[in-house]
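One-letter residues, chain by chain:
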Amino acid sequence: MSRICLVTGAASGIGKATAALLARQGHTVIGADLQDGDIRADLSTAEGRAALVARARELTGGRIDAVVSCAGVAHFDPLTVKVNHFGAVATLDGLRPLLAAGTDPRAVVVGSIDSVHPTDPAIVDAALAGDETAAVAAARTAVDRGEGHLVYSSSKAAVSRWIRRAAATDDWAGAGIPLNAVAPGVVVTPLTRPLLDDPGMRALVERSVPMPLHGHARPEQVAPLLAWLTSPENTLVTGQVVFADGGADAVLRGDSTW
Ligand code: NAI
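Here's what I pulled together on the structure shown here. The model shown is predicted, which means the values in this text are computed figures rather than measured ones.

## Brief notes about the pairing of strand β6 (residues 179-184)
Phase 1: The buried fraction of β6 is high, at six of six residues.
Phase 2: Where strand β5 (residues 106-110) lies against β6, four bridges are found, and the strand directions are parallel. Within β6, the position partnered with V110 by the bridge is V182.
Phase 3: Both β6 and strand β7 (residues 241-244) contribute to a ladder of four bridges, which runs parallel. Residue pairing across strands places V182 opposite V242, the latter belonging to β7.

This is the structure:
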């Protein structure tokens, strides 16, 4: 059955591969991104987030069956928490009423293996409290003290914890909407290519994200999991952070987490 699927970050990388897969499966795909696609919206701003929802409503008549929240950045900058946590939460919360009107509605957000790395509790706590001003201030403080790398891991930890809190509530499980996260390991996309092209940074990435199964991934390897989690076949999986990481989480956290 053809479904209406909205994918953010659809112009590049994992979002682009997922949009292409969903289209090949026969679904109607609405792509959203900064400059490209059916919806152009900057998810780092309140205006862009509102525009995403308003335009999605116009394009669909208020009914969506699947949402894949993929848009993200990895800058050592407060922008990263704005897009990766607040932009994703606004996407999911804002489109939830449209999902509730859909058929077999499902939603997924792209987290990251980085969420198991050290984070900054001040950023994570503010993000989970929904306080964007405080989260941005904490991110700025982390950057200023030379720990800008914590902004990305914190943004992904926060959004992963948010889905676990939200998934079992009346808004999501109560409305019959599975809500999950997929946490990829290293995927070769425009986001990671500059790092992987630098031998020193590549060695650092390989140490911090060991991927014994098949090594670094292509976006097309992550897309089927996102497509399945948002398909009608998924009737039981919700509130999960599913690692698609070639074994990195198993190496890094071992049997401390199971
Ligand atoms: P990418 O850079 O190829 O694609 C990201 C897309 O998000 C781009 O099209 C970009 O324009 C869009 N975007 C960025 N800021 C936006 C904004 N403010 N508003 C709307 N759209 C915006 O990156 P990639 O690798 O495909 O990343 C997709 C997601 O996967 C991100 O959330 C990223 O954090 C996550 N991820 C990526 C990994 C990797 O190794 N590439 C690993 C783990 C997670």
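## Considering the pairing of β5
Phase 1: Along β5, five of the five residues are buried, which leaves the element largely enclosed by surrounding structure.
Phase 2: Residues of β5 alternate between two faces, with R106, V108 and V110 on one and A107 and V109 on the opposite face, all of them buried.
Phase 3: Note: strand β4 (residues 66-69) against β5, four bridges, orientation parallel. Bridging from a neighbouring strand, V67 pairs with A107 of β5.

## A short note on the packing of helix α1 (residues 13-24) against helix α9 (residues 219-229)
Phase 1: Put simply, α1 and α9 touch, their axes get as near as 8 Å, and they point 60 degrees apart. With respect to their mutual orientation, α1 and α9 come out oblique. Here α1 runs over α9; the crossing is right-handed. Every residue of α9 that contacts α1 at G13, I14, A17, T18, L21 and L22 is listed here: P219, E220, V222, A223, P224, L226 and A227.
Phase 2: Along the lines of polarity and charge, the residues of the contact of α1 with α9 split into ten nonpolar, two polar and one charged.

## A few points about the sheet that holds β4
Phase 1: Taken together, seven strands build an open sheet; the order of strands is β3-β2-β1-β4-β5-β6-β7 and the sheet is parallel. The sheet is open, and its two edges are formed by β3 (39-40) and β7, each paired on a single side.
Phase 2: Running over the sheet, helix α3 (residues 79-100) touches β1 (4-8), β4, β5 and β6 and is turned about 175 degrees from β4.
Phase 3: α9 rests against β4, β5, β6 and β7 of the sheet, and its axis sits at about 175 degrees to β6.

## Things to note about the nonpolar core
Side chains that are nonpolar tend, in soluble globular proteins, to be buried together.
Phase 1: Core analysis: the biggest nonpolar cluster contains 44 residues, and I64, L95, W162, W172 and L179 have the highest contact counts within it.
Phase 2: W172 has contacts with L92, D93, R96, L99, A107, W162, A166, A167, I177 and L179, leaving out every residue within four places of it along the chain.

## Remarks on unusual backbone geometry
Phase 1: Even without a glycine there, the phi angle at D104 is positive, about 45 degrees.
Phase 2: Checked against the element boundaries, D104 lands in the loop between α3 and β5.
Phase 3: Judged by relative accessible area, D104 falls into the partly exposed class, the value being 35%.
Phase 4: Positioned with a positive phi, H214 is a non-glycine residue whose angle comes to about 75 degrees.
Phase 5: Residue placement: H214 occurs in the loop between α8 (199-208) and α9.

Rules of the game
Residues numbered from 1 in each chain as written. Predicted model: local features only at pLDDT ≥ 70, side-chain atom pairs only at ≥ 80, totals over all residues. Heavy atoms only, no water. Buried < 20%, exposed > 50% of the residue type's maximum accessible area, 1.4 Å probe, protein only. Helix = DSSP H or I, 4+ residues; strand = E, 2+ residues; numbered from the N terminus. Pairing = 2+ DSSP bridges. Axes fitted to C-alpha atoms, helices over the stretch in contact; angles between N-to-C directions. Parallel < 35°, antiparallel > 145°, perpendicular 65-115°, else oblique. Left-handed = near helix turned anticlockwise from the far one by under 90°. Contact = heavy atoms within 4.5 Å. Nonpolar A, V, L, I, M, F, W, Y, C, P; charged D, E, K, R; others polar. Core = buried A, V, L, I, M, F, W, Y, C linked by side-chain atoms within 4.5 Å.

Don't take any of this as a statement about function, it's just geometry.
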